[in-house]
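For reference, the chains in residue letters:
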Amino acid sequence: MTHSVSMAKNHRSERLPADSAPRPAPGAVLDRLASGPSRASRITHTEHLPARAGRHAVWPDRIRSEVIAAVEAAGIAHPWAHQARAAEHALDGDSVVVATGTASGKSLAYLVPVLSALLDGSEAPNGRGATALYLAPTKALAADQCRSVRELSHPLGTAVRAAVHDGDTPFEEREWIRQYGTYVLTNPDMLHRSILPSHPRWSSFLKALKYVVIDECHTYRGVFGSHVAQVLRRLRRLCARYGSSPVFLLASATAAEPAVAARRLTGLPVVEVADDASPRGEMVFALWEPPLTELQGEKGAPVRRTATAETADLLTDLAVQGVRSVAFVRSRRGAELISVIAQERLAEIDRSLSRRVAAYRGGYLPEERRALEQALHSGELLGLAATTALELGIDVSGLDAVLIAGYPGTRASLWQQAGRAGRAGQGALAILVARDDPLDTFLVHHPEAVFAQPVESTVLDPDNPYVLAPHLCAAAAELPLTAEDLDLFGPGCKDLLPQLEAAKLLRRRTAAWHWTRRERAADLADIRGEGGNPVQIVEADTGRLLGTVDAGAAHTTVHEGAVHLHQGRTYLVRSLDLDDDVALVDQARPPYSTIARDTTSISVLDTETEIPWGAGRLCFGSVEVTNQVVSFLRRRLITGEVLGETKLDLPPRTLRTRAVWWTVTEDQLDAARINPEILGGALHAAEHASIGMLPLFATCDRWDIGGVSVPLHPDTLLPTVFVYDGHPGGAGFAERAFHTARAWLTATLQAIASCECDAGCPSCIQSPKCGNGNDPLHKRGAVRLLTELLRAAPAEDQPEENPPQASGDGPG
């Protein structure tokens, strides 16, 4: 690890104060990073994205002159062409999605028509002739946008009354917002749980609702996106009840087929504006693979240096060069750790430098986050190690470089993070530092998968019965459901309503369905898809609440004896009470980590679609997964050496969901030279690698999906590999896998075959969440099996009968 320190010392004399230093060329910065011992060999690919000139236009003449004057006073003399075009559509009453790059001015594209409408409305007789609603996926983004709106609209006086209405809003402010707010900024959770159920109190706001802004719309995917789609349909229904029909304005820097995804989300026709007319500086994007170490992991597999340690080195060196940087990390603990390591190494060079690197993550107070953003912008801070709390929309300009510690799960998120650098139009450097993971390893050796492919289609399924049913109940509680409403909520209503009546949740009276219970119907829908009440983590001796963990993850993460990390401290779980949803923990410093082991079985409920792959079959349908955590391993820190196994007595859990699966025949096994002794290991290895590769083809993380492989499955009577959605009713990921199966499994084969290890490692077939301790696995057998399977696959995927509207290892 000393190479980073020595390199930093070599460049110490070249360091200049950030506020006076000229902007370094991104290529020169990368050359310096690669100049240390063995560094150059870690760069597997460098992509150069050329600079682009901007194209100006003029605002539509229907925009109020006062709004244009306010924009000009903010320093914007002319809009980019895509901003003017989006505003024109909004004025025409067309719902529109602006899908242009990071820092391309999407906010202004929707704000200008919104502010103009609010100004028009202020001249109405009742003084509230128009309102607008802004939805963000996070509270932080809504608060950040509120500040921007207030600054921009300040010259417009009281015509624009912008306010945040979320769970942190004081009660006394909420009544004022309901009565007088014209631009209300909130999140889907608050809309679902508070605004819609109490719609009579919001009647004047809803009656005047002109625009609904949906920011960062690509984040509404999977189960969460499916729930939000139904929340928006409930909103549209209530607006119609009060006589309004709002126009939807959506924005995303990273979306494939944005109009299709936006239509699926809103249920409305949506116009697409995707021709980015904003200028862009040169970007140099490097793929970086940490070196192998002398350590050995599970079953003697080689271990690479961690992306955390490698990123901390790079952040150190960038700070020494005076390069303003952000390192994106997937976990809060990782962000804190990178910050601490970088600070320690910088202190060895120049103690004053160590104060110029910090961590940024969720859980900080808003004023702390604002102070960090300002310090980075001014140059007081040179580097931040941040979670995705900094990824979405918050305006941090003036960055020179972005480090991405591990592939963030989707190309959409990758480009969102990379786009944080160069936001003022200057050149930028982005580096993806690979983790020891099949997908990361594949990407750094197959750059075309990053740079020659569009971002993923947003996968969501509003018709999922597990999503639709609670929203029908919530809608009926808001206003009795009528036959005319059913088209709005989708074709699944016809089958679900009798079931909801039978369950005595709804009752039909004359021509409408009514909610029958005293409980709040909105509480039936868990829109974040967390699967039940979260488990509270409580310090046993003090009774202090440390945090929570999702119900779905409790069995594997806070079982009795588990090691739990919180804010850099280590705890041991004393007990897990599933009845009261409480895990009691004690602070400790064990020299090991823990990993749960489980058993998973799967049964086919319904085969919806199947196509022949030679003698084998590729299938998609509904399954029931039964999972039980049976024990946990204690593994020595650093080396991963297994110190022992402890049995657990936890109840099994069942999940009805959707899956893709493929079968092979005896003839195919013979052709692939797969004998019974290695069959289980070959199937298991193929399953692991395919789970690891699916995020390249569907907008998911490997922890959103699970898998099971069986040498002889009782339902198919053949060797079978299943990959399933880890959410009740499915989230659209397995369906996407079915429709892209040939490309998906080809990439899986390439990832295994190209790995340099002998018998399998975390870079190809070992899984960090395997319930069976990565046993059995057979790397060469998996290569031969997938080769034979793909040899018999159709030349092209067969036409989709029901194409999506947008294009045993259990989930996390």
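Just above, that's the structure.
Q: How should the sheet that holds strand E6 (residues 209–214) be read in this particular structure?
A: Pairing between sheet strands relies on hydrogen bonds along the backbone, with the strands arranged either parallel or antiparallel. Sheet architecture is open: 7 strands sit in the order E4-E5-E3-E6-E7-E2-E8, paired in parallel fashion. Looking along the sheet, the strands with just one partner apiece sit at the ends: strand E4 (162–164) and strand E8 (271–273). Strand-to-strand twist of the sheet, defined as the mean angle between neighbouring strand axes without regard to direction, takes the value 20 degrees. Where strand E3 (residues 131–135) and strand E5 (residues 183–186) come together, 4 bridges link them in parallel fashion. Opposite Leu 133, over in E5, you have Val 184 as the bridge partner. Relative to E8, helix H4 (residues 81–91) is tilted by about 165 degrees, and along the sheet it contacts strand E2 (96–98), E6, strand E7 (247–251) and E8.

Q: Hey, could you run me through the pairing of strand E30 (residues 720–725) in this one?
A: The side chains of a regular strand alternate, residue by residue, between the two faces of the sheet. Burial of E30 is extensive: 6 of the 6 residues sit out of reach of the surface. Along E30, one buried face is formed by Thr 720, Phe 722 and Tyr 724 and the opposite face, lined by Val 721, Val 723 and Asp 725, is buried too. Across 5 bridges, the pairing between strand E28 (residues 653–663) and E30 is antiparallel. Opposite Thr 663, over in E30, you have Thr 720 as the bridge partner. Both strand E29 (residues 705–710) and E30 contribute to a ladder of 6 bridges, which runs antiparallel. Bridged to Val 710 within E30 is Thr 720.

Q: I keep staring at the packing of aromatic side chains and nothing clicks. Help me out?
A: Centre-to-centre distance and the angle between the planes together describe a pair of aromatic rings. Scanning all chains against the criterion turns up 10 aromatic pairs. With a centroid separation of 6.0 Å and 45 degrees between ring planes, the pair formed by Trp 176 and Tyr 180 is classed as tilted. Remark: Tyr 180 and Trp 176 occur in helix H7 (residues 171–180); sequence separation between them is 4 residues, near one turn of the helix. Exposure remark for Trp 176: the relative accessible area of 41% places this residue in the partly exposed category. A ring pair is formed by Trp 415 and Phe 451, whose centres lie 6.0 Å apart and whose planes are at 75 degrees; its orientation type is edge-to-face. With Trp 415 in helix H16 (residues 411–418) and Phe 451 in helix H18 (residues 448–451), this residue pair connects regions lying 36 residues apart in the sequence. Members of the aromatic cluster, each reached through a chain of ring pairs, are Tyr 110, Tyr 134 and Tyr 183. The side chain of Lys 210 reaches across the aromatic face of Tyr 211, ending 5.8 Å from its centre. Between the NZ or CZ atom of Arg 241 and the centre of the ring of Tyr 242, over which it lies, the distance is 5.6 Å.

Q: Explain the side chain of Ser 252 to me, please; I cannot follow it from the model alone.
A: Its location among the elements puts Ser 252 in the loop between E7 and helix H11 (258–266). By relative accessible area, Ser 252 is classed as buried at 0%. Side-chain polar atoms of Ser 252 contact the side chain of His 218, separated by 2.9 Å. If sequence neighbours within four positions are ignored, Ser 252 has contacts with Val 98, Ala 99, Thr 100, Lys 106, Cys 217 and His 218.

Q: Help me out: how do you make sense of the sheet that holds strand E15 (residues 401–405) in this one?
A: Reading across from one edge, E1-E9-E16-E15-E12-E14-E13 is the order of the 7 strands in this open sheet, with mixed pairing throughout. Each end of this open sheet is capped by a strand with a single partner; those strands are strand E1 (43–49) and strand E13 (357–360). Strand-to-strand, the axes of this sheet are offset by a mean angle of 15 degrees, without reference to chain direction. Pairing of E13 with strand E14 (residues 383–386) involves 4 bridges; the strand directions are parallel. Bridge pairing in E14 places Ala 358 opposite Leu 384. This element, helix H2 (residues 26–33), spans E1, strand E9 (283–288) and strand E16 (428–433) of the sheet and lies at about 40 degrees to E16. Sitting on the sheet, helix H12 (residues 307–320) touches E9, strand E12 (325–328), E13, E14, E15 and E16, and the angle it makes with E15 is about 170 degrees.

Calculation rules
- Numbers given to residues run from 1 along each chain, matching the order in which its sequence is written.
- Where local features are concerned, this predicted model is filtered to residues with pLDDT of at least 70; where side-chain atom pairs are given and counted, the filter is 80 or more; whole-chain, interface and lining totals use all residues.
- Working from all heavy atoms in the structure, the side-chain values ignore hydrogens and water.
- In short, DSSP must find at least two bridges between two strands for them to pair.
- Numbering goes from the N terminus for both helices and strands, where a helix is a DSSP run of H or I of at least four residues and a strand is a run of E of at least two.
- The axes used here are C-alpha line fits, helices contributing only the stretch in contact, and every angle between their N-to-C directions lies in the interval 0 to 180 degrees.
- We call two residues in contact when some of their heavy atoms are within 4.5 Å.
- Buried residues are those whose accessible area, probed at 1.4 Å on protein chains only, stays under 20% of the maximum for their type, while exposed residues exceed 50% and partly exposed ones sit between those limits.
- The pairing test for Phe, Tyr and Trp rings, Trp by its six-membered ring, is centres within 6.5 Å, and the orientation test on the planes gives stacked under 30 degrees, edge-to-face over 60, and tilted for anything in between.
- Put simply, a charge is over a ring when the Lys NZ or the Arg CZ is close to the ring centre, within 6 Å, and near the line of the ring normal, within 35 degrees.
- The definition of a polar contact used here is a pair of N or O atoms within 3.5 Å, where within protein one atom must be able to donate a hydrogen and the other to accept one, and adjacent residues in sequence count solely through side-chain atom pairs.

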